[in-house]
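Residue-level structure breakdown
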Amino acid sequence: ELKVEQNPLFLSMQEGKNYTIYCNYSTTSDRLYWYRQDPGKSLESLFVLLSNGAVKQEGRLMASLDTKARLSTLHITAAVHDLSATYFCAVDMRKAMNYGGSQGNLIFGKGTKLSVKP
Amino acid sequence: GAVVSQHPSRVICKSGTSVKIECRSLDFQATTMFWYRQFPKKSLMLMATSNEGSKATYEQGVEKDKFLINHASLTLSTLTVTSAHPEDSSFYICSARGEKRDRGAGGYTFGSGTRLTVV
């Protein structure tokens with residue numbers, strides 16, 4: 001069974017602190033996405049990681065991908081309240097080996113609800 | 001960048017009626033459209049995948065007669081919830097994938113979502 005596991009599922013942080021969200025997946029794939037979702041809204045794309053060792057940074061967020069370990073991380077540096085949201089990772093099954101499922105789709109993690117407090 | 005317009009954003013309907021949700025790709029051709037459902041505080045669950053001009057492929061457990069998907073053109077896909085019941089209340093999101101040169105975000109562009117409430 002294909003699984004994408006995120007942890008933690010809930011994260012309460014103080015402003016100015018650093019933290020990392022982890023995304024483990026159970027099949028080989030070299031394409032992974034990170035999305036942000038605000039309450040009642042759709043998904044906002046944050047990062048697309050296309051290869052092993054890929055690292056991307058945007059503001060206080062940095063994402064990395066280790067395809068051998070089947071692990072992606074989303075690191076938050078010096079958190080601010082505006083970062084409060086739910087963050088999802090998603091594995092692109094088009095790039096997964098031996099996947100006989102749908103015509104290429106994203107398998108989402110359960111999401112990490114981040115709350116940054118003053 | 002690539003944009004997918006989804007309408008309506010919110011809809012309230014009575015039990016037993018049908019509701020149609022539209023997703024349009026505004027600046028690219030969406031060869032494949034994905035429809036997701038999201039329950040409160042939960043992740044996205046893929047309902048079905050459709051290619052333009054073909055029948056949709058439904059995920060296990062999704063009733064194809066209840067959730068009708070039409071992808072008649074490269075810029076429009078619709079999801080119709082037929083004979084809606086309160087348990088169909090949810091947040092529905094479409095996602096489009098087009099040609100490499102057209103899309104952003106590495107291949108998938110999401111609509112803004114539709115909040116369906118069945119009373």
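Scope of this entry: the structure provided in the associated data block. Starting afresh in each chain, residues are numbered from 1 along the sequence in its written order. Naming scheme: in the order in which they are written, chains are lettered from A and ligands are numbered from 1. Only residues with pLDDT of at least 70 get local features here, since the model is predicted, and only at 80 or more are side-chain atom pairs given and counted; chain-wide, interface and lining totals rely on the full set of residues. Heavy atoms throughout the structure, all of them, feed into the side-chain values; hydrogens and water do not.

**What about the sheet that holds strand β3 (residues 19-25) of chain B?**
All names here are of chain B. On the basis of which strands lie adjacent, the open sheet formed by 4 strands has the order β1-β3-β8-β7 and antiparallel pairing. Each edge of the open sheet carries a strand with a single partner, namely β1 (4-7) and β7 (67-73). Going from strand to strand, the sheet's axes swing by 15° on average, the running direction of each strand aside. Only when DSSP finds a minimum of two bridges between them are two strands counted as paired. Helix and strand assignments come from DSSP, with helices taken as H or I runs of at least 4 residues and strands as E runs of at least 2, each series counted from the N terminus. Axis angles are defined between N-to-C directions and span 0 to 180 degrees, where every axis is a line fitted to C-alpha atoms and, for a helix, only to the segment in contact.

**Side note on the state of the cysteines**
When two cysteine sulfur atoms lie within 2.5 Å, the pair is treated as a disulfide. One pass over the structure, following the stated rule, counts 2 disulfides over all chains. Note on cysteine connectivity: A:C23 is disulfide-linked to A:C89, with sulfurs 2.0 Å apart. The sign of the S-S torsion, about 80°, decides the handedness of the disulfide formed by A:C23 and A:C89: right-handed. With A:C23 in strand β3 (residues 19-25) and A:C89 in strand β9 (residues 85-92), the pair connects residues that are 66 residues apart, well separated along the chain. Residue A:C23 shares its accessibility class with A:C89, and that shared class is buried. Cysteine B:C13 shares no disulfide, and the gap to the nearest cysteine sulfur, in B:C23, comes to 17 Å. Only protein chains enter the accessibility calculation, which uses a 1.4 Å probe; a residue whose area is less than 20% of its type maximum is buried, one above 50% is exposed, and one in between is partly exposed. We classify B:C13 as buried; its relative accessible area is 8%.

Purely geometric numbers; function is a separate question.
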